[in-house]
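The residues making up each chain are set out below.
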Amino acid sequence: GVIGPALTCLAILPDLIMDAEWKKHLNLSFATGMLAGLCFYFIPFALSAHYSGESVGLLGLQRVFYENFVRFTNPWDHKGPVYLYCLILPAYLLPWTFFFIPALALAPSRWKSMSPLGKRYLLATLCIFVFLTISKGRRDYYILPILPFAILVCAEWVSAKIEQSQVMQR
């Protein structure tokens, strides 16, 4: 659904914002790609409207809007509690949970020394987590796309700890 591109945009948002990288991507090829993607997305709806009547194509677009945007703000099902992802993320992250919790807790104090990639992983994790949490439609498995970024946060933290211990041994 529409959540796929939304989460992709949220995942790359920190990368685009840091060092004003977004300026490099606003060009004709980006606009052409977006236009091609939108055309490709709307082809099935246009074909449906052409061959089955205009109302069928519009009904499909209404369904997309209803299933994605309305469910985000006013769900009729999938009504998990606001703290659902705080409870379920540690279970889904196992065995990385034992690294993720300290990595997350220590992130503010090590922000200045954190690698640029580590910052991007952490911000992508937080962006996706906040986006999914503010949605009123929640299911435990909705949090699955965050796992690769959370694991990269863990890996960056472990790598920094190893590097720090090697420096101290010298």
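1. Details of the side chain of Thr-97
Positionally, Thr-97 belongs in helix H6 (residues 97–110). Overall, the relative accessible area of 9% leaves Thr-97 in the buried class. Discounting chain neighbours no more than four positions away, the residues touching Thr-97 are Pro-90 and Pro-102.

2. Let's talk about the packing of helix H1 (residues 3–17) against helix H7 (residues 116–134)
Contact geometry of H1 with H7 gives a least axis separation of 7 Å together with a crossing angle of 140 degrees. When the axes of H1 and H7 are compared, the crossing they make is right-handed. Facing Ile-3, Ala-6, Leu-7, Leu-10, Ala-11, Leu-13, Pro-14 and Asp-15 of H1, the residues of H7 in contact are Arg-120, Leu-123, Ala-124, Cys-127, Ile-128, Phe-131 and Leu-132. Considered class by class, the residues forming the contact of H1 with H7 number 13 nonpolar, no polar and 2 charged.

3. Notes on the environment of Pro-148
Relative to the assigned elements, Pro-148 resides in helix H8 (residues 147–169). Of the residues examined, Pro-148 reaches a relative accessible area of 46% and is grouped as partly exposed.

4. Here we look at the environment of Ala-49
By the element assignment, Ala-49 lies in helix H3 (residues 28–52). Here the alpha-carbon distance between Ala-49 and Pro-102, two residues 53 residues apart in the chain, equals 53 Å.

5. A look at the pattern of salt bridges
Applying the stated rule across the entire model yields 1 salt bridge. Note that Arg-110 is salt-bridged to Glu-156, the shortest N-O span being 3.0 Å. Here Arg-110, found in helix H6, pairs with Glu-156, found in helix H8; they are 46 residues apart in sequence, far enough to count as distant. The pair Arg-110 / Glu-156 is uniform in exposure class, with both members buried.

6. Brief notes about H6
When the terminal C-alpha atoms of H6 are compared, their 19 Å separation across 14 residues agrees well with the 20 Å that a helix rising 1.5 Å per residue should span. Largest kink in H6: about 30 degrees, centred on Leu-104, with the proline Pro-108 one to four residues after it. Among all positions in H6, only Thr-97, Phe-100, Ala-103, Ala-107 and Arg-110 are buried. Residues of H6 that are buried make contact with helix H5 (84–93), H7 and H8.

7. Comments concerning empty space enclosed by the protein
The final tally for this structure, using the stated rule, is 1 cavity of 30 Å³ or more. Of the voids in this model, the largest cavity is the one considered here, and its volume is about 30 Å³. Around the largest cavity, the lining residues are Ala-103, Ala-107, Arg-110, Met-114, Gly-118, Leu-122, Val-153 and Glu-156. Within the residue set of the lining of the largest cavity, elements represented by two or more residues are H6, H7 and H8. Of the residues forming the lining of the largest cavity, the biggest block, 3 residues, is contributed by H6. Grouping the amino acids of the lining of the largest cavity by side-chain chemistry returns 5 nonpolar, 1 polar and 2 charged.

8. A word on the nonpolar core
The nonpolar side chains of a soluble globular protein tend to be buried with one another. Membership of the largest hydrophobic core comes to 24 residues, with the highest contact counts inside it found for Tyr-85, Leu-89, Phe-100, Ile-128, Leu-132, Ile-143 and Ile-146. For this core, the secondary structure elements donating two or more residues are H1, H5, H6, H7 and H8. When neighbours within four sequence positions are excluded, Ile-143 is seen to be in contact with Tyr-85, Ile-88, Leu-89, Tyr-92, Phe-129 and Leu-132.

Quick notes on the rules
Residues numbered from 1 in each chain as written. Predicted model: local features only at pLDDT ≥ 70, side-chain atom pairs only at ≥ 80, totals over all residues. Heavy atoms only, no water. Helix = DSSP H or I, 4+ residues; strand = E, 2+ residues; numbered from the N terminus. Buried < 20%, exposed > 50% of the residue type's maximum accessible area, 1.4 Å probe, protein only. Contact = heavy atoms within 4.5 Å. Axes fitted to C-alpha atoms, helices over the stretch in contact; angles between N-to-C directions. Left-handed = near helix turned anticlockwise from the far one by under 90°. Nonpolar A, V, L, I, M, F, W, Y, C, P; charged D, E, K, R; others polar. Salt bridge = Lys/Arg side-chain N within 4 Å of Asp/Glu carboxyl O. Expected span 1.5 Å × (residues − 1). Bend = angle between axes of the 7 residues up to and from the residue. 1 Å grid on protein atoms, 1.4 Å probe; cavity = no way out; pocket = protein on both sides within 12 Å on 5 of 7 lines; lining within 4 Å. Points joined across faces, edges and corners; volume = space filled by probe spheres on them. Core = buried A, V, L, I, M, F, W, Y, C linked by side-chain atoms within 4.5 Å.

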